[in-house]
Amino acid sequence: MFFEYGSKETDWLARRDKRMAQAIAHFGILRRGMMPDLFAALVRNIVDQQISTKAGLTVNARLLALAGSVTPQRLEALPAQAIQGCGMSMKKALYIKGAASAAMSGELDLSAIHQASDEQVIATLSRLPGIGVWTAEMLMIFSLGRPDVLSWGDLAIRLGMMHLYRHKTLPRDRFERYRRRYSPYGSIASFYLWAMSTPDYAAGLAAVKPAPL
C-alpha cells in the first residue's frame, strides 16, 4: 500500500515552484509505503528510534513473534521484561507498554485520531512517552495519509530544501515560507525533499539558477 497522490498534486507543486518542478521531472512519482495500522506503526517507531534499519527489522520481527500480533491487548498483557528481551532497552519496552495501556484505557483513542485535525493529532500523540512531534508527524503521513505535513524537525527535509534552493543556512522563517508555498501538499513535497537530501543530487543542481524566494 502506497501513499496516494498523482499528477493533480505534482502539477500543483510544479506550478507553484520552478525548482520543485525540476525535482518532480527528475524523480517522477515517488512511491512511499504506508502502514495504516496506527498502533502498530506507533510501536514500530518506538522500536526503530536510534538504531539501524537492519536492527529495527530484527527487533520488530521478534516482537511480532512474541506477541502474535502488535495490538494494544497483546502488548499490554506482556511483561515489560519480555518485550525488552526482543532486543530493546527497558525504556523502550516501557514506552510500548505505556502506549498499549493508553489505548486500552481510552486515554489514546485511536479511532478518534483519524477524525482529528493535524494539530490535535500531534498534540495527542506527542503526549505519549517516547513519541515526539517528529514521530507524530511521520505517523500522520505514513499511517493517516495526511497530505500537508512538512516537518521542521526532520533534518533530511531541511537538507533537501537547502540543496534544492542552494541555501547555506535555513532559518525557521524561510522554512515556513516554503511550507506555505507547498501547502496543501506539503507531504508530497516532503517526498521530493527527502530524495534531494543526498549530496549527489545537490551536485546535479549546481549549474541551475535557484528559484526566487
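## So, the overall build of the protein chain
When you go through the protein chain residue by residue, the secondary structure sums to 14 helices and zero strands. Counting the 213 residues in the protein chain, one finds 45% classified as buried. For the protein chain, contacts bridging at least 24 residues in sequence account for 67% of all contacts bridging at least 6. As displayed, the protein chain has an accessible area near 10800 Å², and 56% of this comes from carbon and sulfur atoms.

## Overview of the packing of helix α2 (residues 18–27) against helix α13 (residues 186–195)
Viewed as axis vectors pointing N to C, α2 and α13 meet at an angle of 75°, and their least axial separation amounts to 10 Å. Comparing their axes, α13 and α2 come out roughly perpendicular. Mapping the contact onto sequence places M20, A23, I24 and F27 in α2 and A189, Y192, L193 and A195 in α13. Looking at the contact of α2 with α13, its residues break down into eight nonpolar, no polar and no charged.

## With respect to the packing of aromatic side chains
Tallied over the full model, the rule gives ten aromatic pairs. What links up through ring pairs into an aromatic cluster is the set F3, Y5, F142, F191 and W194. Sitting over the ring of W152, R158 keeps its end group 4.9 Å from the ring centre.

## Things to note about the pattern of salt bridges
Counted by the stated rule, this structure contains five salt bridges. Between D48 and R44 there is a salt bridge, with the nearest N and O atoms lying 3.7 Å from each other. Placement of both D48 and R44 in helix α3 (residues 38–48) is noted, with a separation of four residues, approximately one turn of the helix. Notably, a salt bridge pairs R146 with D118, separated by 2.6 Å at the nearest N-O pair. Placement of R146 in the loop between α10 (133–142) and α11 (155–165) and of D118 in helix α9 (residues 118–125) is noted, with a sequence separation of 28 residues between them. Given a relative accessible area of 11%, R146 falls into the buried group. Looking at D118, the relative accessible area reads 22%, which means it is partly exposed. Here the salt bridges share partners, and the residues they tie into one network are R172, E176 and R179.

## Observations regarding the layout of surface pockets
Rolling a probe over the atoms, with the probe sized like a water molecule, indicates the empty space that remains. Estimated volume of the largest pocket: approximately 530 Å³. Lining of the largest pocket is provided by 18 residues; of these, N45, D48, W134, M138 and F142 occupy positions nearest its centre. Looking at the lining of the largest pocket, the elements with two or more residues in it are α3 and α10. Counting residues per element, the lining of the largest pocket draws most heavily on α10, at five residues. In terms of residue class, the lining of the largest pocket is built from eight nonpolar, six polar and four charged.

Conventions adopted
Positions within a chain are numbered from 1, following the residues in the order the chain's sequence is written. Restriction of local features to residues with pLDDT of at least 70 applies here, the model being predicted, together with a cutoff of 80 or more for giving and counting side-chain atom pairs; totals for whole chains, interfaces and linings are based on all residues. The basis for every side-chain value is the complete set of non-hydrogen atoms in the structure, without hydrogens or water. Going along the chain from the N terminus, every DSSP run of H or I of four or more residues is numbered as a helix, and every run of E of two or more is numbered as a strand. Burial classification: accessible surface area is computed with a 1.4 Å probe over protein chains only, and a residue below 20% of its type maximum counts as buried, one above 50% as exposed, and the rest as partly exposed. Contact criterion: two residues are considered in contact whenever any of their non-hydrogen atoms come within 4.5 Å of each other. Every accessible area reported is derived by Shrake-Rupley at a probe size of 1.4 Å, with residue values counting cover from the shown protein chains alone. For helices, the fitted axis covers only the stretch in contact; all axes are lines through C-alpha atoms, and the angles between them, taken along N-to-C directions, range from 0 to 180 degrees. Orientation is classified from the angle alone, with under 35 degrees giving roughly parallel, over 145 giving roughly antiparallel, 65 to 115 giving roughly perpendicular, and any other angle giving oblique. In the scheme used here, Gly and all other residues not listed as nonpolar or charged are polar, with Ala, Val, Leu, Ile, Met, Phe, Trp, Tyr, Cys and Pro taken as nonpolar and Asp, Glu, Lys and Arg as charged. Between rings of Phe, Tyr and Trp, where Trp is taken as its six-membered ring, a pair exists when centres lie within 6.5 Å; planes separated by under 30 degrees are stacked, by over 60 edge-to-face, and by other angles tilted. Whether a charge lies above a ring is judged from NZ of Lys or CZ of Arg, which has to be within 6 Å of the ring centre and within 35 degrees of the ring normal. By convention in these notes, a salt bridge is any Lys or Arg side-chain nitrogen within 4 Å of a carboxyl oxygen on Asp or Glu. Cavity means a closed set of points on a 1 Å grid over the protein atoms alone, one where a 1.4 Å probe fits but cannot get out, pocket means an open set with protein on both sides within 12 Å along at least 5 of 7 lines, and lining means a residue has an atom within 4 Å of a point. Grid points are joined across faces, edges and corners, and a volume is the space filled by probe spheres set on the points.

On their own, these measurements won't tell you what the molecule is for.
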